[in-house]
Amino acid sequence: MELENYLSVLNSQQLEAVKHEGSPLLILAGAGSGKTRVITTKIAYLISKKNIDPYRILALTFTKKAANEMAERARDLEPLAVKTPIRTFHSFGAWFLRNHYEEAQIDKNFTVYDDDDMVTLLTKAIPSMAKKQASLIAHQISLCKDYCLTPESPDLVKLVSDPDFPNLYKAYQKRLRETGNVDFGDLIMLPVLILQKNEDVRHHMYNRFHVIMVDEYQDSNVAQFQLVQQLCGPDTYVGVVGDDDQSIYKFRGAEVQNILTFQDHFPGTKIIKLESNYRSTSQILKIADDVVSHNKSRLGKTLVAERGNGKRAKLVFLPNQDDETDFCAELIEQSHKKGCPYSDWAILYRTNAQSLGFETDFLHRKIPYTVVGSLKFYQREEIKDALAWLSFIANPRDEIAFRRIINKPARGIGGVTQDKIVAVLRKKLLIEEASAESETTNANAYNLIDSCYDALNTLSKRANKSVLFFVELVTNLAKNLDENLASAKNVPNAAFAKTAGETLFDGMDLNASQAVGNDGEKLSGFIETLVEKSGLGEYHASQDEISGTQRVGNLQELCNAASLYPCNRDGLISFLEHIELDRTLELDDDEVYDAVTLITLHNTKGLEFPRVIITGMEKGIFPRKDKTEDELEEERRLCYVGITRARDELYLTCCDKRRMYGRTESMEPSPFLLEIAPESIDVIGNQPNSFKRYRKALANNNTQILNSQNAELAEKWHKSVRVYHDDYGYGAILNAKETEGEFVITVQFETGAVKHFMPEYQAHSLMICKE
DNA sequence: TCACAGTGACTTTTT
DNA sequence: GTCACTGTGA
């Protein structure tokens, strides 16, 4: 279809946003208002109508899924958009660092440490630290990096008050640099620091990117904001899209201020609001609005439904979680019998753990499903082992990977021996640092293989033999990979060599999964060899026999995932990077089939489904227990996100009892359920008493009341009830409402005095008079 | 250095 | 109920 036709289907605000130029642009886009359409159309428009080189447009998103979808849609509109880098923030950061590894003082072949690796590294950097404390510190370090604060930043104390923390952070950074690797936070923070310091790099970026677009801007953190800021030169066009009501990543450093103060940082910003919702029916939107309107801190906007009234949503009360599973399964089975595809359905939950019950039941009933965003696969021991091998071959200074693989299967190389070898490496690095030879760190840098050799004569006879065996194993495997390099040298660039109008040798196009030739050796073959030769295969096969697990099968799965990558170092690095930046296991294309989606609420951002069931709508689960007022608002936004994923049908389920920690607990309905106006939703099943009481109070016009405990009080202490107080005598209730979570009544006494009480705490002095 | 058994902690949410 | 960590004995 011609672009004109695409422009003609846009509403006036969308069209304005697409055509806007000349100043920074902030699009405030409600859920389902077609913001992805606006971004993709804008990209196509810039390329075909404004003659912008597709290479010079950069689009940034938060998840791989969103990036892929955006790329696909842009390409459909304008084939040249295939050259436009549409990336996640983190994959952009990784690309940037591969091109500037020297400035960043990291290894060219760096890999990315995840949270677990951070914790392990911390315990090695500071041996006295217990694991629990290490997790806390690791989390705090991540948060600091989200705010782009180095150990030297004076603002560090604002985030973490512990006076010892800067030193811990510093020690961690030093150890991390020694490995040559980076963590997630570095992928954003290091580029910012380099750009701030280095004018040449900055100008290079100004030349490289003339247009920068950011999606889901409400979830950007301070570091990401600074990155965008640094990338923008005086002539760069910047456009961001976001919705403050959908900001759900504060816990990870997301800063709503970024969207609220965008205009201050980018003067002359044009703001365009998109308030027409093309996704959900108005019944569903009404519920979403009922809930989110209880938030105090929001810009405030009202979505207008463009899709008619639709079906009423249903609130379903169920005895326990098994009934919840059954209810969902039967609902889906029935609709499937009537011809509705499984893929119309999505089951949403607050925590990953909740997927388990659905998985087992669906397996049993033969309902096909996919679990989206589950990290489980890459958390499996055997997968971590294989990935550690790959990481170590990619970067032999990777201490964490080294420790993981050197003694697995057991070769008699324990912690003491490992420490010795690592100490040799660290000593050497220290000497190098002192003699300032750091420029030569990369190509033939001293690594753990070298230090293994150097440590040999200090080891016991047994350890000596094992270490020798290990280093030879690694060397041989690495040779395997490097020999392939010669034959497959040009494979990665081949796919682009012909199409590139202008060649930019910065690897931004390098997408291994597209670039592997049909005939070239595949990386999967290498991994198979590795699994066999390293003894991992045998080791895990025996584990399978002992406990009936599927480890060998999982390892095979990992090999399959690598089949799209060429068998050389570049292929290995891109494979690892791909996995590190997107832990969700992708299905092979031919395996895409009709299935129910099981997904956490967080993961649904940017997605939509015809039929949605939000499960576990119980206090303590959703919202989670011990939330402060601010966090409660974020949970409420999460609820809003969940509701607005639904196109046509919405179900909310709430259980009376739920098994937790192996115990069965009695649950209360989620306060969010109480916020939905009774006329907006049909109720099915046995309403809990607290819920009934609340609704009754609501009917008595006590609309203020939020929590069910107070609803109980409100039933007794409502307006115009006569009371007697020990000190003030007789009176009548003027007003009853909830203030800051407490139930407060106002009483007019016969003496004329007006007093406020919390009846909950006045049982001894205040009583209701019988009529 | 390793295997096993007992204990305790535990569940957010993700790139 | 499950998983991971710790300490003990071989």
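Note that the structure is a prediction, hence the values are computed from the model and not measured. Throughout this description, residue numbers start from 1 for each chain and increase along the sequence as written. Here every chain gets a letter starting at A, and every ligand a number starting at 1, in the order they are written. Two thresholds apply to this predicted model, a pLDDT of at least 70 for residue-level local features and 80 or more for giving and counting side-chain atom pairs, whereas whole-chain, interface and lining totals are computed over all residues. Each side-chain value is derived from all of the structure's non-hydrogen atoms; neither hydrogens nor water enter the calculation.

### Considering helix H27 (residues 523-533)
What counts here: Throughout, exposure labels follow a simple rule: accessible area from a 1.4 Å probe, protein chains only, divided by the maximum for the residue type, with under 20% read as buried, over 50% as exposed, and the rest as partly exposed. Going along the chain from the N terminus, every DSSP run of H or I of four or more residues is numbered as a helix, and every run of E of two or more is numbered as a strand. Along the arc lie the directions from the helix axis toward the C-beta atoms.
Those residues of H27 that fall on the buried side of the exposure criterion are Leu523, Ser524, Phe526, Ile527, Leu530 and Val531. The buried residues of H27 occupy an angular sector of 155° when projected down its axis, which confines them to one face. Count one or two residues on from H27 and you reach glycine 535, which has phi positive near 90°.

### Here we look at the protein's contact with DNA strand C
Defined as follows: Distances are taken per atom, and a residue is near a molecule or strand as soon as one of its heavy atoms is within 4 Å of it.
Taken together, the residues surrounding DNA strand C are Lys131, Tyr661 and Gly662. Atoms of DNA strand C within 4 Å of the protein belong to the sugar or the phosphate in 33% of instances, the rest to bases.

### Side note on the nonpolar core
Spelled out, the test is: By convention a nonpolar core is built from buried Ala, Val, Leu, Ile, Met, Phe, Trp, Tyr and Cys residues, the set being connected through side-chain atoms within 4.5 Å. Contact between two residues is taken to exist if any of their heavy atoms lie within 4.5 Å; hydrogens are not considered.
Counting residues in hydrophobic clusters, the biggest one holds 66 residues, and the most contacted among them are Phe92 and Leu97. Examining the composition of this core, we find that seven residues originate from one element, helix H11 (residues 184-197), more than from any other. Sequence-distant contacts of leucine 97, that is, excluding residues within four places in its chain, are made with Ala104, Ile106, Phe110, Val182, Asp186, Leu187, Leu190, Pro191 and Ile194. Membership of the second largest hydrophobic core comes to 53 residues, among which are Ala394, Ala401, Leu530 and Val531.

### Some thoughts on the packing of aromatic side chains
Aromatic ring pairs are described here by two measures, namely the spacing of the ring centres and the angle between the planes. Quick note on the threshold: Here is the rule: rings of Phe, Tyr and Trp (six-membered ring for Trp) pair when centre to centre is within 6.5 Å. Planes less than 30 degrees apart are stacked, more than 60 are edge-to-face, and the remainder are tilted.
Within this structure, the stated rule accounts for 25 aromatic pairs. Residues tryptophan 95 and phenylalanine 209 carry aromatic rings whose centres are separated by 6.1 Å and whose planes lie at 70° to one another, so their mutual orientation is edge-to-face. In this pair, tryptophan 95 sits in helix H5 (residues 89-99) while phenylalanine 209 sits in the loop between helix H12 (199-208) and strand E6 (211-214), placing the two residues 114 residues apart along the sequence. A single burial state applies to tryptophan 95 and to phenylalanine 209, both of which are buried. Aromatic pair phenylalanine 622 and phenylalanine 672: ring centres 5.5 Å apart, planes at 75°, arrangement edge-to-face. A residue pair is termed long-range when its members are at least 10 positions apart, and phenylalanine 622 in the loop between strand E15 (609-614) and helix H31 (629-643) and phenylalanine 672 in helix H32 (residues 671-675) qualify at 50 residues.

### Details of the protein's contact with DNA strand B
Heads up, the rule is: Counting of polar contacts relies on pairs of N or O atoms within 3.5 Å, with two restrictions inside protein: one atom must be capable of donating a hydrogen and the other of accepting it, and residues adjacent in sequence are counted only when both atoms are side-chain atoms. Under the convention adopted here, Pro, Cys and the residues Ala, Val, Leu, Ile, Met, Phe, Trp and Tyr are nonpolar, Asp, Glu, Lys and Arg are charged, and Gly plus all remaining residues are polar.
Among the 26 residues in the neighbourhood of DNA strand B, the closest are listed as Arg252, Arg350, Asn352, Arg624 and Tyr661. Sugar and phosphate atoms represent 56% of those atoms of DNA strand B found within 4 Å of the protein. Contacts to DNA strand B include arginine 252, whose side-chain N or O atom sits 3.3 Å from a sugar or linking oxygen. When the residues that make up the surface near DNA strand B are grouped by side-chain class, the tally is nine nonpolar, 11 polar and six charged.

### As for unusual backbone geometry
Excluding glycine, most residues fall at negative phi; most peptide bonds, likewise, are trans. Across the junction of phenylalanine 622 and proline 623, the peptide omega takes the value 5°, indicating a cis bond. Turning to its location among the elements, proline 623 is positioned in the loop between E15 and H31. The backbone phi angle of glutamine 105 is positive, close to 55°, even though this residue is not glycine. Notably, lysine 366 is not glycine yet its phi reads approximately 60°, a positive angle.

### Structural notes on the pattern of salt bridges
As a working rule, side chains carrying opposite charge can pair if their charged atoms are close by. Rules: What counts as a salt bridge is simple: a side-chain nitrogen of Lys or Arg found within 4 Å of a carboxyl oxygen of Asp or Glu.
Per the stated rule, a full pass over the model turns up 46 salt bridges. The partner of aspartate 322 in a salt bridge is arginine 659, and the shortest N-O contact between them spans 3.3 Å. With a gap of 337 residues between them, aspartate 322 in helix H17 (residues 321-337) and arginine 659 in strand E16 (residues 646-660) connect regions that are remote in the sequence. Taking the relative accessible area as the measure of exposure, aspartate 322 reaches 39% and is therefore partly exposed. Overall, the relative accessible area of 46% leaves arginine 659 in the partly exposed class. For glutamate 649, the salt bridge goes to arginine 611, with nearest N and O atoms at 3.1 Å. Of the two residues, glutamate 649 sits in strand E16 while arginine 611 sits in strand E15, which places them 38 residues apart along the sequence. Of the residues examined, glutamate 649 reaches a relative accessible area of 10% and is grouped as buried. Here the residues in one salt-bridge network are Asp243, Asp244, Asp245, Arg298 and Lys301, joined through shared partners.

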